[in-house]
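Listed here are the chains, written in short residue letters.
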Amino acid sequence: MDKKEETKTNISKIDSKTYFKIGALVIIFILALYVGYITLVSDTSSDGEKTTQDTLPSAQINDQKKEVSSPTSLEKTKEPIKEEPKQILVHPLSFEKVSFPGEHYYTGVWADFDNDKDLDILGINYDRQSYIYENDKGIFLPHEVFYGYDTKAIAAVDINQDGWNDFILGNYNQPSAFFINNQDGSFTENKAFDTYPVEALVSADFNNDNYPDVIIAAPFKPLKIFVNNQNNAFTEKIILEKKVPFSALTTCDINNDGNMDILVGSDFQENYLLIGNGDGSFSLSPQFGTKQHTKAIACADIDKDGHVDVVVGNNKQGGNTDKNYIYWNKGNLQFIESPSLGSSKVSSVAIGDFNNDEIMDVAIGNYDESSAIWLGNGDATFTEISQFGEGYLKGMIVADYNTDGILDVAAAKDKEGFEIYTAK
C-alpha cells in the first residue's frame, strides 16, 4: 500500500469516531433540554395553584376541598322533585230538566237500541203505550214499541248475541216477556217467563257461557233463574225456595271470584245474599238487613278498597223509621252496617260520581218527598243535596247519555211523565 492510500484510510477512521461522539453529545443535550422544560412547567403550575388559593377566602377554600373530596356532593345538594297535585275538576252539580208527558210511567232503562253509539231510553208507561226515546245528538225522539204491559221491572241486554240490544219486561199481572231487536226499529215479542207478579228482575251471565240469563223475583214465590239456551229460549230453575215478599234485586261480584252474585231485598223480612258458583247455581250466604222495608239495592266499590259495597234503600212506612244503609264490604263476606243515607220513602237507588270529584256518591229516588243525591265526602260520610223536587218517583236510572263525562239522571214519575235531568 502506498502512502497516499494509507493516509485516506486513517482519515476515514478518525471521521467515524468523531461522528459517533458528536451524535452522542447531541442526544444528551436534547435530553437535558427536555428535562429542564418539564421541571419549569411543573414549577409554574404549582406556583399558580398556590397563588389562586392564597387569593381565595378560607371558607371558599374549605368548600372547594369538600367538593373535591365528596363525589356525592351533587346528589346531596340536589332538591327532591315535587309532584304536582292531580287537578280534579269538581262539577257544581246542576241539572236541566226535560219532561215527556205520560199517564203512568213506572220505570225505564238506558241502552243503545239503534246501534248509533248514543244511549237511548226505553220508558215504561204502566198499562199504556210505551216508547223508546231515540237519542239524536241529545234530542230524544219518541218511537212506539208496545202497548198494554203492566211492567214493573226491565233490563236491556243482547239476548241472542247478535250485537243489538234486546229488552226483557217483568210484568205484574201477566206473564213476563222478552223482545228481540229486529235491527230496523222493530222488535219481536217472546212470552217466555210465566212467573208473576214481578217486583224485580236482573239479567247477567250467571253460568259463564257468554249469554245473559234472567233472574225474576215475585212476592211469596220461589226465586227463579231462567238460563239462556242460546236459541231465544230459556230453561227455568229454582234457586231459592223461600217464599217471602221479595221486593228488590241487583247483581254484582261480591267476593271477587269472577262469578256474578245476587242480592235480594224483601219487604219487612230478611234480605239475602246468594253467591254465584259460576254454573248457574248459587250458595246462600248469611242474611243482611233483617226486618227492613227494602225497596231498592245497588252495589259498587264506594270506598275504592277493591271490594263491592252495598246500598240498601228502605221505605219508611207508618211509624217506622227505617233508614237507608250502606254495607261496607271488608272481604270474606264480612260487612259493616252503616245508616249513612237518612230515612225516606225509597223507590230506587243509584251509585256514581255525580260531581266528578273522584269520590262515589249515592242517588236516592223517593216518592211523596224530595229525591236526593248524597255527595261522598271521602271519609265514608255523605252530604245530602236535594235535586229532583217532590213527586211520585217510581224509578230512577243513571247514565252519561251525552258523553260529556258527567252523569245524567232519568226519572219515571208516574202521572208526571218521564223526566231527563241533564247535568250542566
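Residues numbered from 1 in each chain as written. Predicted model: local features only at pLDDT ≥ 70, side-chain atom pairs only at ≥ 80, totals over all residues. Heavy atoms only, no water.

### A few points about the nonpolar core
Defined as follows: The nonpolar core is taken to be a set of buried Ala, Val, Leu, Ile, Met, Phe, Trp, Tyr and Cys residues, with the residues joined through side-chain atoms within 4.5 Å. Type-normalised accessible area, obtained with a 1.4 Å probe on protein chains alone, sets the label of each residue: buried when under 20%, exposed when over 50%, and partly exposed for intermediate values. Numbering of helices and strands runs from the N terminus, with a helix taken as a DSSP run of H or I at least four residues long and a strand as a DSSP run of E at least two residues long. It only takes one pair of heavy atoms within 4.5 Å for two residues to be counted as in contact.
Grouped together as the largest cluster of nonpolar side chains are 19 residues, with contacts concentrated most on Ile-215, Leu-223, Leu-249, Ile-262 and Leu-274. At the level of elements, strand 10 (200-204), strand 11 (213-217), strand 12 (223-228), strand 13 (234-240), strand 14 (246-252) and strand 15 (261-276) are the ones that each hand at least two residues to this core. Residue contributions to this core peak at 4 residues, all from strand 15. Among residues more than four places away in sequence, those in contact with Leu-249 are Ala-200, Leu-201, Val-202, Ile-215, Ile-216, Ala-217, Leu-223, Ile-262, Leu-263, Val-264 and Ile-297. Judged by nonpolar contacts, the second largest core, of 17 residues, contains Ala-300, Trp-328, Leu-341 and Phe-382.

### Some remarks on the sheet that holds strand 27 (residues 418-423)
Threshold: Strand pairing follows a simple DSSP-based rule, namely that at least 2 bridges must link the two strands. The axes used here are C-alpha line fits, helices contributing only the stretch in contact, and every angle between their N-to-C directions lies in the interval 0 to 180 degrees.
Spatially, 1-27-26-25 is the arrangement adopted by the 4 strands of the open sheet, whose pairing is antiparallel. If you trace the sheet from one side to the other, it starts and ends with strand 1 (95-100) and strand 25 (395-399), each paired once. Geometrically, the sheet is characterised by an average inter-axis angle of 20° between neighbouring strands, direction not taken into account. Where strand 26 (residues 408-412) lies against strand 27, 4 bridges are found, and the strand directions are antiparallel. In the sheet register, Ala-411 faces strand 27, and the bridge partner there is Glu-419.

### Comments concerning the environment of Leu-341
As for its position among the elements, Leu-341 is in the loop between strand 20 (335-338) and strand 21 (346-352). Taking relative accessible area as the criterion, Leu-341 reaches 1% and is therefore assigned buried. For the pair formed by Leu-341 and Val-311, sequence separation is 30 residues and the distance between their alpha carbons is 9.0 Å. Sequence-distant contacts of Leu-341, defined by excluding residues within four places in its chain, comprise Val-311, Asn-324, Ile-326, Val-362, Ile-364, Trp-374 and Phe-382.

### Some remarks on the state of the cysteines
Here is the idea: a disulfide is a covalent bond, and it sits between the sulfur atoms of two cysteines. Worth spelling out the cut-off: Counting rule for disulfides: a pair of cysteine sulfur atoms within 2.5 Å.
Under the counting rule described, the total for this entry stands at 1 disulfide. Each disulfide pairs two cysteine sulfurs, and for Cys-252 the partner residue is Cys-299, the sulfurs being separated by 2.4 Å. Measuring handedness by torsion sign, the sulfur bridge of Cys-252 and Cys-299 sits at about -130° and is left-handed. Of this pair, Cys-252 sits in strand 14 while Cys-299 sits in strand 17 (residues 288-300), and the two are 47 residues apart along the sequence.

### Some details on the layout of surface pockets
The following threshold applies: Residues are called lining when one of their atoms sits within 4 Å of a cavity or pocket point, these points coming from a 1 Å grid over the protein atoms alone, where a cavity is a set in which a 1.4 Å probe fits but cannot get out and a pocket is an open set with protein on both sides within 12 Å along at least five of seven lines. Grid points are joined across faces, edges and corners, and a volume is the space filled by probe spheres set on the points. Basically, the charged four are Asp, Glu, Lys and Arg, the nonpolar ten are Ala, Val, Leu, Ile, Met, Phe, Trp, Tyr, Cys and Pro, and anything else, Gly included, counts as polar.
Here the largest pocket defines a volume of roughly 1300 Å³. Thr-107, Ser-348, Val-349, Met-396 and Ile-397 are the residues nearest the centre of the largest pocket, which is lined by 45 residues in total. At the level of elements, strand 2 (105-111), strand 6 (151-157), strand 10, strand 14, strand 17, strand 21, strand 25 and strand 26 are the ones that each hand at least two residues to the lining of the largest pocket. Taken together, the residues of the lining of the largest pocket break down into 32 nonpolar, 9 polar and 4 charged.

### Regarding the pattern of salt bridges
Convention followed: What makes a salt bridge here is a side-chain nitrogen of Lys or Arg within 4 Å of a carboxyl oxygen of Asp or Glu, nothing more.
Tallying each qualifying case throughout the model produces 5 salt bridges. For Lys-224, the salt bridge is made with Glu-236, and the minimal N-O distance between the two is 2.5 Å. Within this pair, whereas Lys-224 is found in strand 12, its partner Glu-236 is found in strand 13, the two being separated by 12 residues in sequence. As a salt-bridge pair, Asp-267 and Lys-295 come within 3.7 Å of each other at their nearest N and O atoms. With Asp-267 in strand 15 and Lys-295 in strand 17, this pair connects stretches of sequence that are 28 residues apart. Take Asp-267: its relative accessible area is 23%, and that puts it in the partly exposed class. Here the residues in one salt-bridge network are Lys-97, Lys-413 and Glu-419, joined through shared partners.

### Thoughts on the sheet that holds strand 3 (residues 120-125)
Strand order in the open sheet formed by 4 strands is 2-3-4-5, with antiparallel pairing between adjacent strands. Among the strands making up the open sheet, the edge pair consists of strand 2 and strand 5 (139-147). Across the sheet, the mean angle from the axis of one strand to that of its neighbour is 20°, orientation sign disregarded. Pairing analysis gives 8 bridges linking strand 4 (residues 129-136) to strand 5, with the strands arranged antiparallel. Across the sheet, residue Gln-129 finds its bridge partner in strand 5, namely Tyr-147.

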